[in-house]
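# Observations on chain architecture
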Amino acid sequence: MNADPAAQRRLLDLAAVDAELTRAAHRRRSLPELAELEEVTKALQAGRDSLVAAETMASDLDRDIRKLEAEIDQVRAREDRDRGLLDSGSISSGKQLEDLQHELATLRRRQTVLEDDLLEVMERREVTDADLEQRRVKLADIEQRHLEATRRRDEALTELESTELQGNQERTILVGGLPAELVTLYERIRARNGSGAALLRGGRCGACRLELDRTAIGRLRDASPDEVVRCEECGVVLVRTPESGL
Ligand SMILES: [Zn+2]
């Protein structure tokens, strides 16, 4: 294949833009900002779960407190009724009086047990309050870190997008100015090799770094400047300039 030496040299610009785009694509896959955000997102979920668990615990205890208070009220009402009956003097039967006093004693014992239980649950509820506050503070801190990590990820992506946009624009202009046949060859080599063209510098291929031997150098020296020559090792288009050492 033949191509204008100036067009061949412009392949180097295209190769440089493609290398930049490849670096951007690689960076997009391995952004540390993505890994960081993923980690903080996990911590955020754990923090939210932990707060929900504490809130559930608190509401369970609140329910227990209401239940115990209602039971205590019932026992008190019953005691009041029994005491009223006793005080009214309306009960004359000794057996009935004895039963009533026995029930009152039972009710008082029951009330003591319930009040002890209530005290214990209220103490646990207080501990849960302190715990809730701690978890809220911790979650607020994680939420802040999550916001910052998201902002860093967005900034990194915006920067990448701008690099890619600029690279693709440059690429379109460069490709538009090159012979279609040369571009097709370049693309075919690039698809297989990762790189489509390289500068021959000081007798060395700029893509695979192979140092050409005397015979190969001689062949390149004799080749017409229009001839598109390739590296024997990696296959890229070798672009010849005054730096090539021919
Ligand atoms: Zn090579």
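Note: the structure precedes this text.
First, a word on scope: everything that follows refers to the structure included in this document. (Residues numbered from 1 in each chain as written. Predicted model: local features only at pLDDT ≥ 70, side-chain atom pairs only at ≥ 80, totals over all residues. Heavy atoms only, no water.)

Bringing the overall build of the protein into the picture now. Within the protein one finds 5 helices and 4 strands. Shown N-terminal to C-terminal, the secondary structure of the protein runs as helices and strands in the order α-α-α-α-β-β-α-β-β. Taking 18 Å as the expected radius of gyration for a compact globule of 246 residues, we find that the protein reaches 42 Å, considerably beyond that expectation. Projected onto its principal axes, the C-alpha coordinates of the protein cover approximately 135 × 35 × 25 Å. Buried positions account for 32% of the 246 residues belonging to the protein. As presented, the protein carries roughly 15600 Å² of accessible surface, and 50% of it is formed by carbon and sulfur atoms. (Helix = DSSP H or I, 4+ residues; strand = E, 2+ residues; numbered from the N terminus. Rg over C-alpha atoms; globule rule 2.2 N^0.38 Å. Buried < 20%, exposed > 50% of the residue type's maximum accessible area, 1.4 Å probe, protein only. Areas by Shrake-Rupley, 256 points an atom, 1.4 Å probe, with all protein chains shown as cover.)

Attention shifts here to the coordination of the zinc ion. The protein atoms that coordinate the zinc ion are Cys205 (SG), Cys208 (SG), Cys231 (SG) and Cys234 (SG), at distances of 2.3 Å. Taken in sequence order, the residues that donate to the zinc ion follow the motif C-x2-C-x22-C-x2-C. In this pair, Cys208 is assigned in the loop between strand 2 (204-205) and helix 5 (214-222) and Cys234 in the loop between strand 3 (229-230) and strand 4 (237-240), connecting sequence segments 26 residues apart. For Cys208, a relative accessible area of 27% puts it in the partly exposed group. Note on Cys234: relative accessible area 16%, which makes it buried. (Donors = N, O, S within 2.8 Å, 3.2 Å for Na, K, Ca; no water.)

The subject of this paragraph is the side chain of Glu33. Of note, Glu33 is situated in helix 2 (residues 32-88). No salt bridge is formed by the buried Glu33, whose closest oppositely charged neighbour, Arg27, lies at an N-O distance of 4.4 Å. For Glu33, the residues in contact, after removing those within four places along its chain, are Arg27, Arg152, Arg153 and Ala156. (Lys, Arg positive; Asp, Glu negative; His and termini not counted. Salt bridge = Lys/Arg side-chain N within 4 Å of Asp/Glu carboxyl O. Contact = heavy atoms within 4.5 Å.)

A cluster of acidic residues, Asp116, Asp117, Glu120, Glu123 and Glu126, forms a negative patch on the protein surface. By the element assignment, Asp116 lies in helix 3 (residues 94-176). Residue classification places Asp116 among the partly exposed residues on the basis of a relative accessible area of 48%. (Patch = residues over 30% accessible without salt bridge, like charges linked within 9 Å, V, L, I, M, F, W, Y side chains within 5 Å. Charge placed at Lys NZ, Arg CZ, Asp CG, Glu CD.)

Turning our eyes to something else, we now look at the pairing of strand 4. Covered by surrounding structure in strand 4 are Val237 and Val239 together with Leu238 and Arg240, the residues of both alternating faces. Sheet topology places strand 1 (residues 197-201) next to strand 4; 4 bridges connect them, and they run parallel. Opposite Ala197, over in strand 4, you have Val237 as the bridge partner. Relative to strand 4, strand 3 is paired through 2 bridges, and the arrangement is antiparallel. When the sheet's bridge partners are listed, Val229 is paired in strand 4 with Leu238. In this antiparallel pair of consecutive strands, strand 3 and strand 4, the connection spans 6 residues, and Gly235 shows a positive phi of 90 degrees. (Pairing = 2+ DSSP bridges.)

For Asp82, the location among the structural elements is in helix 2. The exposure class of Asp82 is buried, given its relative accessible area of 0%. Once you skip the residues sitting within four places of it in the chain, Asp82 turns out to touch Leu100, Glu103, Leu104 and Leu107.

Here we come to the sheet that holds strand 3. The strands that make up a sheet are held in pairs by hydrogen bonds between backbone atoms, and each pair lies either parallel or antiparallel. Within the open sheet, the 4 strands sit side by side as 2-1-4-3. Their pairing is mixed. Because the sheet does not close on itself, it has two edges, and the strands there are strand 2 and strand 3. Bridging between strand 1 and strand 2 involves 2 bridges; their strand directions are antiparallel. Bridging from a neighbouring strand, Leu200 pairs with Cys205 of strand 2.

All of the buried residues in helix 5 are Ala216, Ile217, Gly218 and Leu220. Here the buried face of helix 5 lies against strand 1, strand 3 and strand 4.

Membership of the largest hydrophobic core comes to 31 residues, with the highest contact counts inside it found for Leu11, Leu178, Leu182, Leu212, Val236, Val237 and Leu238. Elements with a minimum of two residues in this core: helix 1 (5-29), helix 4 (180-193), strand 1, helix 5 and strand 4. Looking at this core element by element, the count peaks at 6 residues for helix 1. In contact with Val236, other than residues within four places in its own chain, are Ile189, Asn193, Ser195, Gly196, Ala197, Ala198, Cys205, Ala207, Val229, Arg230 and Cys231. In this structure, Leu37, Leu51, Leu132 and Leu139 belong to the second largest nonpolar core, which totals 10 residues. (Core = buried A, V, L, I, M, F, W, Y, C linked by side-chain atoms within 4.5 Å.)

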